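For reference, the chains in residue letters:
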Amino acid sequence: MQIESKLYELEKRKEKISHGGGMKAIEKQKAMGKLTARERIIALLDADSFHEYDIFVEHDAHDFGMQNKELPGDGVIIGTGSICGVPVAIFAQDFTVAGGSLGLMHARKISKIMDYALNMRMPLIGINDSGGARIQEGVNALAGYGEIFFRNTLSSGVIPQISVILGPCAGGAVYSPALTDFVFVVDNISKMFITGPEVIKTVLGEEISQEELGGARVHSEITGNAHFFATSEEECFVQIRKLISTIPANNTEKAPLIETAEPKPEYDINQVVPGDPTIPYDVRNVIKSLTDDSDFIEVMELFAGNIVVGFGRIEGETVGFVANQPIVMAGVLDCDSSDKAARFIRYCDAFNIPIVTLEDLPGYLPGVDQEHAGVIRHGAKLLYAYSEATVPKITVILRKAYGGGYIAMGSRHLRADFVFAWPGAEIAVMGPEGAANIIFRKEIMEAENPEETRKAKIQEYKEKFANPYVAAAKGYIDSVIAPEETRRFVAHALSVAKHKTVLRPTKKHGIPPF
Ligand code: HXC
């Protein structure tokens, strides 16, 4: 056979496979407002960068009529390409082929690209759109999931792992995304649950839609399983590209430095935080008053809003921000906000990203609900994450730093490298009102004018403790700085901490309060 005819045969074979499950299935996919697997990869990666592998893989199922079925690519596309010039590995499940269900060869393809990503130390992106374990393949499908979960765990903390939920992700399949670092969801398209509406109806007799059970909003606002929410696939791909260009490609690298731009003038730090400590403000504006070009990539924006986490750059260098949010529940710590911040801190620590903490909180949220939900266990995660982290840690106390919150939010005692406080900072065991009511209770009760005495005692406590100078006198904070000096102090701290090296006791691993 001449080479031309061999090339013709190759083209024909590729052409056939490129249509996935056929025009009817593609039309159904489009009718659901979804792109095809191939279109998604092309839209996400740099133009002409995608190289596909294992295109001719065939399924290996023999039961339930499967021996006569053709499943192009076995329902998943794998390959490598780049995003903003950064090499990435990617797989995309093709729902048009047997519902993107996962059989043995489908799983082997995903495992292969996961191995490439890990061995070559590049980010892995998995686009999930699947009916789950291929029912006809029985235990082979389950084995396939196990292989994927193991690789997710092995890669954790070595390469960034990104999951994109662009269709159903049901049953045990949800655990691969749950083991990865960032989960992206799209409104009306993402559906994630362990047991679907059918099972719930059968077992519990309750009717619920897929959307209500595990739609994009549910996972962004309620469960905390999703980290980025978008209203369209296109918006989602823009978010992923931005994230990839901000974080390091693996745990031995730093994020690429980019040219410095000053924060935008509309984020004037002196205007952002009101002088009156009882008036709340949006801490995201403080972050934007510190970051280059006032750019901030917020992670888990819709979940546990009382803490804000995300990435920004200071003088070109990517840093992770952890900030109490006074406009949501006065910025208190609770179960969810502790979980959210602890996980983010561990991500930053694994990937050489310095942590900047902005502190302003009245303490932990009191109440039976929180106690019974395990605020002790969840709150401990935050202490653990800060203590464990060895990347540069810089803390700025903006206003309140009370009680356990003072310790938990990246204090000197958990080994922050630099702690700065603004002149209006209040660092104390508890708020002046509560403190005065407890320690001067008798005096207040017995006074001729209890209300006046209470006020006087609150003032006395405030003057004595609710300021930054008691902590500064002990060296617990390094400097009391004016708000407008914050960016300069943080940037300097980052520059001197560039080669930070600390040694910790040798151990296999710690036992964090999971
Ligand atoms: C084999 C499957 C499949 C599956 C879908 N298909 N899921 N084939 N195994 N798990 C096939 C359908 O038979 C159909 O084939 C095609 O994919 C499209 O599916 P539809 O049902 O027509 O699509 P739609 O109406 O959009 O519904 C999508 C769906 C539904 C909600 C995902 O297909 C569904 O409920 N699938 C089963 C989900 C599930 O229970 N999976 C197993 C979970 S257990 P044809 O040939 O008609 O086009 C699990 C264990 C993993 O995953 C454990 C790991 C630890």
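Structure: above.
Overview of the structure.

Parameters at a glance
- Residues numbered from 1 in each chain as written.
- Predicted model: local features only at pLDDT ≥ 70, side-chain atom pairs only at ≥ 80, totals over all residues.
- Heavy atoms only, no water.
- Helix = DSSP H or I, 4+ residues; strand = E, 2+ residues; numbered from the N terminus.
- Buried < 20%, exposed > 50% of the residue type's maximum accessible area, 1.4 Å probe, protein only.
- Contact = heavy atoms within 4.5 Å.
- Lys, Arg positive; Asp, Glu negative; His and termini not counted.
- Charge placed at Lys NZ, Arg CZ, Asp CG, Glu CD.
- Salt bridge = Lys/Arg side-chain N within 4 Å of Asp/Glu carboxyl O.
- Pairing = 2+ DSSP bridges.
- Right-handed = clockwise from strand over helix to strand, strands pointing away.
- Expected span 1.5 Å × (residues − 1).
- Arc of directions from axis to C-beta.
- Core = buried A, V, L, I, M, F, W, Y, C linked by side-chain atoms within 4.5 Å.
- Phe/Tyr/Trp six-rings, centres within 6.5 Å; stacked < 30°, edge-to-face > 60°.
- Lys NZ or Arg CZ within 6 Å of the ring centre and 35° of its normal.
- Patch = residues over 30% accessible without salt bridge, like charges linked within 9 Å, V, L, I, M, F, W, Y side chains within 5 Å.
- Areas by Shrake-Rupley, 256 points an atom, 1.4 Å probe, with all protein chains shown as cover.

We now examine the overall build of the protein. For the protein, the helix and strand inventory stands at 21 helices and 16 strands. For the protein, the C-alpha atoms occupy an extent of roughly 105 × 55 × 45 Å along the three principal directions. Looking at the 514 residues of the protein, the share that counts as buried comes to 52%. Look at the contacts in the protein between residues 6 or more apart in sequence, and 73% of them connect residues 24 or more apart. Taken as two groups, the 53 positive and 67 negative side-chain charges of the protein have centres that lie 4 Å from each other.

On inspection of all chains with the given rule, the structure shows 31 salt bridges. In this structure, the salt-bridge partner of Lys-34 is Asp-129, at a minimum N-O distance of 3.0 Å. In this pair, Lys-34 sits in the loop between helix H2 (23-31) and helix H3 (37-44) while Asp-129 sits in strand S4 (residues 124-130), placing the two residues 95 residues apart along the sequence. Lys-34 sits in the buried class, given a relative accessible area of 5%. The shortest N-O distance in the salt bridge between Arg-399 and Asp-360 comes to 3.4 Å. Here Asp-360 lies in strand S12 (residues 355-361) and Arg-399 lies in strand S13 (residues 393-402), a separation of 39 residues in the sequence. Taking relative accessible area as the criterion, Asp-360 reaches 3% and is therefore assigned buried. Connected through salt bridges with shared partners, the residues Lys-34, Arg-40, Asp-129 and Glu-233 form a single ionic network.

Remember that side chains alternate between the two faces of the sheet whenever the strand is regular. Two strands pair when backbone bridges link them, and S13 and strand S14 (residues 418-421) are joined in this way by four bridges, in the parallel orientation. Residue pairing across strands places Val-396 opposite Phe-420, the latter belonging to S14. Chirality of the crossover, the property in question, places the unit of S13, helix H16 (residues 403-408) and S14 among those that are right-handed. For S14 and strand S16 (residues 479-480), the ladder comprises two bridges, and the chain directions are parallel. Bridge assignment links Ala-421 to a residue of S16, and that residue is Val-480.

In this model, helix H10 (residues 233-244) (twelve residues) spans 17 Å end to end at C-alpha, consistent with the 16 Å of a helix rising 1.5 Å per residue. Listed in full, the buried residues belonging to H10 are Glu-233, Cys-236, Phe-237, Gln-239, Ile-240, Leu-243 and Ile-244. Axial view of H10: buried residues confined to an arc of 160°, hence all on one face.

So, about the nonpolar core. One finds Phe-182, Ile-240, Phe-311 and Val-322 to be the most contacted residues of the largest nonpolar core, which totals 58 residues. Considering every element that reaches this core, the biggest residue donor is helix H13 (residues 335-350), with six residues. Counting residues in hydrophobic clusters, the runner-up holds 27 residues, among them Val-76, Ala-173, Val-183 and Ala-226.

This part covers unusual backbone geometry. The backbone of Arg-121 shows a phi angle near 55°, a positive value even though the residue is not glycine. Inspection of the secondary structure puts Arg-121 in the loop between helix H4 (104-119) and S4.

With respect to burial, strand S2 (residues 76-83) is a largely interior element, eight of its eight residues being buried. Burial of S2 is two-sided: the residues Val-76, Ile-78, Thr-80 and Ser-82 facing one way and the residues Ile-77, Gly-79, Gly-81 and Ile-83 facing the other way are all buried. Where strand S1 (residues 51-53) meets S2, three bridges bridge the pair, whose relative direction is antiparallel. In the sheet register, Tyr-53 faces S2, and the bridge partner there is Ile-78. Both S2 and strand S3 (residues 86-93) contribute to a ladder of eight bridges, which runs antiparallel. By the bridge assignment for S3, Thr-80 is matched with Ala-89.

Within the structure shown, the criterion is met by 13 aromatic pairs. Ring geometry for Phe-420 and Phe-489: centres 5.2 Å apart, planes at 75°, overall edge-to-face. With a gap of 69 residues between them, Phe-420 in strand S14 and Phe-489 in helix H21 (residues 486-496) connect regions that are remote in the sequence. Phe-489 sits in the partly exposed class, given a relative accessible area of 22%. Through pairs of rings, three or more aromatic residues link up here, namely Phe-182, Phe-184, Phe-228, Phe-311, Phe-344, Tyr-347 and Phe-351. The lysine or arginine in question, Lys-34, covers the ring of Phe-95, its NZ or CZ lying 4.5 Å from the ring centre.

Here we take up the side chain of Arg-40. Along the chain, Arg-40 turns up in helix H3. Residue Arg-40 is classed as buried on the basis of its relative accessible area, which comes to 0%. In contact with Arg-40, not counting residues within four places along its chain, are Gln-29, Lys-34, Leu-35, Ile-127, Asp-129, Leu-166, Glu-233 and Phe-237.

This part covers a nonpolar patch on the surface. A cluster of nonpolar side chains, namely Ile-3, Leu-7, Leu-10 and Phe-56, defines an oily patch on the protein surface of about 360 Å² accessible area. Here Leu-10 shows up in helix H1 (residues 3-18). Take Leu-10: its relative accessible area is 32%, and that puts it in the partly exposed class.

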